[in-house]
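# Examination of the molecular architecture
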Amino acid sequence: MSRMPTVEDVARLAGVSRQTVSNVLNTPAIVREATRHRVEVAIRDLGYRPHASARRLRTRKAGTIGMRIDPWRDGISGAVLDRLLHKLTERAESRGMRVMVFSAEDHAHEVEVIRRLREGSDVDAFMLTATTHDDPRIGALSQMGVPFVAFGRPWGAPAERTPHRWIDVDGRRGVAEAVRRLREAGAARIAWIGWPAGSGTGDERAAGWRSASGLDDREAQLLSRSAEDGVAAGTRCAAELLRLADPPDAIVCASDSLALGALIAVQGTAHPDTRVVGFDDTPVAAAVGLSSIEQPLDGVVAAALELLFGPEGDDVLPNPDSNEEPTHRLLVPQLVERTPGQLTFDATPAVDAGNHMKG
């Protein structure tokens, strides 16, 4: 058949009326088993799919998940979020659902956009990203009764006070494992370049380095630097570390942007064998041979959909009223080890290696 099959085609093949096919699709319990079986076989043989718009009108479900996209930034922008969005779209499609992306200036604006989308019945549930300490979106959406799942744990709030669904990646464990691997390979003085204190995600990653580094308090302070995310900041911080009287023999960073900057600094000094590890495993890391800690985004998306809709289907589950399972998932990242090539930048490039969704 060169065209898409219709209800009439199914009815003709099954030898039933159009209404009977409709009953099988919408209220199968009222159709006799033998008749229902003939219609189901015809649907399968023809590859018939019910019209999505008609189905949405009938069920009053949009079949859509909403997610905010962050504002455009110069350079290589949104690598992690971009991959997350692609994987969410693919997984949603397998359930017969779609993803709607929208923009917002800040958390308050995002809540307002979500309110409008829900009032218009355009979206069934939402996935929040870049959660922050005492994130105002959590309470607002919970109060509005909007189904949602957050990519990021409830930073700065006791779990019992924030009953909502969330998925996160265990950055502390991922960084600690990378540090242990470096120590097993012979590194003794492993430095850290992270973000300023107050970022939930960044603080967790820094804690992983501190717990596994084997350094005393004085050495840990000497071998750690913090800066806003960016390649230039990573280069500057790494250069400071490499000028120490006893420089580090490895550097672990909170992001691939910082790590790329550190790698540039390393290759421009008398310590080119200093190993550098980033976080997020962005395409930039793969391109330059940078070792990096990979977030399991397939697992993040699979967990998000299961928490929102159950193991299968598109019937959204109500928001939880407690923190009993299954309200959250904490996933483990993996270190991807590589051997870097020689970088030939004449000057530090003003690019970011991705959007790291700092919380």
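Preceding this paragraph is the structure being described.
Residues numbered from 1 in each chain as written. Predicted model: local features only at pLDDT ≥ 70, side-chain atom pairs only at ≥ 80, totals over all residues. Heavy atoms only, no water.

### A short note on the overall build of the protein chain
- Across its full length, the protein chain carries 14 helices and 12 strands.
- Burial statistics for the protein chain: of 359 residues in total, 50% are counted as buried.
- The contacts in the protein chain between residues at least 6 apart in sequence include a share of 68% that link residues at least 24 apart.
- As displayed, the protein chain has an accessible area near 17,400 Å², and 50% of this comes from carbon and sulfur atoms. (Helix = DSSP H or I, 4+ residues; strand = E, 2+ residues; numbered from the N terminus. Buried < 20%, exposed > 50% of the residue type's maximum accessible area, 1.4 Å probe, protein only. Contact = heavy atoms within 4.5 Å. Areas by Shrake-Rupley, 256 points an atom, 1.4 Å probe, with all protein chains shown as cover.)

### Remarks on helix α12 (residues 256-267)
- In a regular helix each residue adds 1.5 Å, so 12 residues correspond to 16 Å; α12 covers 16 Å between its end C-alpha atoms and thus fits that length.
- With 12 of its 12 residues buried, α12 lies for the most part within the structure.
- For α12, the set of buried residues is D256, S257, L258, A259, L260, G261, A262, L263, I264, A265, V266 and Q267.
- Residues of α12 that are buried in the fold lie against β6 (190-194), α11 (231-242), β8 (250-253), β9 (275-279), α13 (283-288) and β10 (291-294).
- The N-capping residue of α12, defined by a side-chain oxygen 3.4 Å from the backbone nitrogen of S257, is S255. (Expected span 1.5 Å × (residues − 1). Polar contact = N/O pair within 3.5 Å; in protein donor to acceptor, adjacent residues only side chain to side chain.)

### Section: the environment of D281
- Within the secondary structure, D281 is located in the loop between β9 and α13.
- Taking the C-alpha atoms as reference points, D281 and V80, 201 residues apart in sequence, are found 8.6 Å from one another.
- Each residue touching D281, except ones within four places of it in the same chain, is listed here: R83, D256, S292, I293, E294, V336 and R338.
- A polar contact of 2.8 Å, which involves the side chain of D281, links it to the side chain of R338.

### Observations regarding the pairing of β6
- Summarising burial for β6: five of the five residues are buried, a large majority.
- Here β6 shows no split at all, with I190, W192 and G194 on one side and A191 and I193 on the other all buried.
- Judged from the three bridges that link them, β6 and strand β7 (residues 224-226) form a sheet pairing that is parallel. Residue W192 lies in a different strand from β7, and its bridge partner there is S224. (Pairing = 2+ DSSP bridges.)

### A closer look at the sheet that holds strand β3 (residues 125-128)
- Taking strand neighbours across the sheet as the criterion, the six strands line up as β2-β1-β3-β4-β5-β11 in an open arrangement whose pairing is parallel. For this open sheet the edge positions go to β2 (98-103) and β11 (328-331), each flanked by a neighbour on one side alone. Mean inter-strand twist for the sheet, computed between neighbouring axes without regard to direction, equals 20°.
- Taken together, the three bridges between β3 and strand β4 (residues 148-151) define a ladder with parallel strand orientation. If you follow F126 over to β4, its bridge partner there is F148.
- On top of the sheet, helix α5 (residues 79-94) reaches β1 (64-69), β2, β3 and β4; it is set at about 175° to β1, its chief contact.
- Running at roughly 170° to strand β5 (residues 165-169), helix α14 (residues 297-309) makes contact with β1, β3, β4, β5 and β11 of the sheet. (Axes fitted to C-alpha atoms, helices over the stretch in contact; angles between N-to-C directions.)

### Here we look at the pattern of salt bridges
- Under the defined criterion, the tally for this structure stands at 22 salt bridges.
- Two residues, E337 and R181, come together in a salt bridge whose shortest N-O distance is 2.6 Å. Highlighted residues: E337 in the segment after β12 (334-336) and R181 in helix α8 (residues 171-184), separated in sequence by 156 residues.
- Of the residues examined, E337 reaches a relative accessible area of 43% and is grouped as partly exposed.
- What you see here is one network of salt bridges that share partners, running through E177, R180, R181, R275 and E337. (Salt bridge = Lys/Arg side-chain N within 4 Å of Asp/Glu carboxyl O.)

### What about the packing of α8 against helix α9 (residues 200-212)?
- Put simply, α8 and α9 touch, their axes get as near as 7 Å, and they point 35° apart. Crossing geometry of α8 relative to α9 is assigned as right-handed. Contacts between α8 and α9 involve G171, R172, V175, A176, V179, R180 and R183 on the former and, on the latter, E204, R205, A207, G208, W209, S211 and A212.
- Partitioned by chemical class, the residues of the contact of α8 with α9 number six nonpolar, three polar and five charged. (Left-handed = near helix turned anticlockwise from the far one by under 90°. Nonpolar A, V, L, I, M, F, W, Y, C, P; charged D, E, K, R; others polar.)

### Quick word on the nonpolar core
- With 46 residues, the main nonpolar core has V175, I190, I193, W209, I251 and V252 as its most contacted residues.
- Elements with a contribution of two residues or more to this core: α8, β6, α9, α11, β8, α12, β9 and α13.
- Discounting residues that sit within four places of it in the chain, I251 has contacts with A191, I193, A238, L241, V266, T274, R275, V276 and V277.
- Of all hydrophobic cores here, the second largest spans 25 residues; its members include I65, V80, L307 and L308. (Core = buried A, V, L, I, M, F, W, Y, C linked by side-chain atoms within 4.5 Å.)

### Brief notes about α11
- With 12 residues, α11 ought to run about 16 Å at 1.5 Å a step, and its terminal C-alpha atoms sit 16 Å apart, in line with that.
- What α11 keeps buried is the set V231, A233, G234, T235, C237, A238, L241 and L242.
- Buried residues in α11 make contact with β6, α10 (217-222), β7, β8 and α12.

Fair warning: the whole summary comes from geometry, so function is off the table for now.
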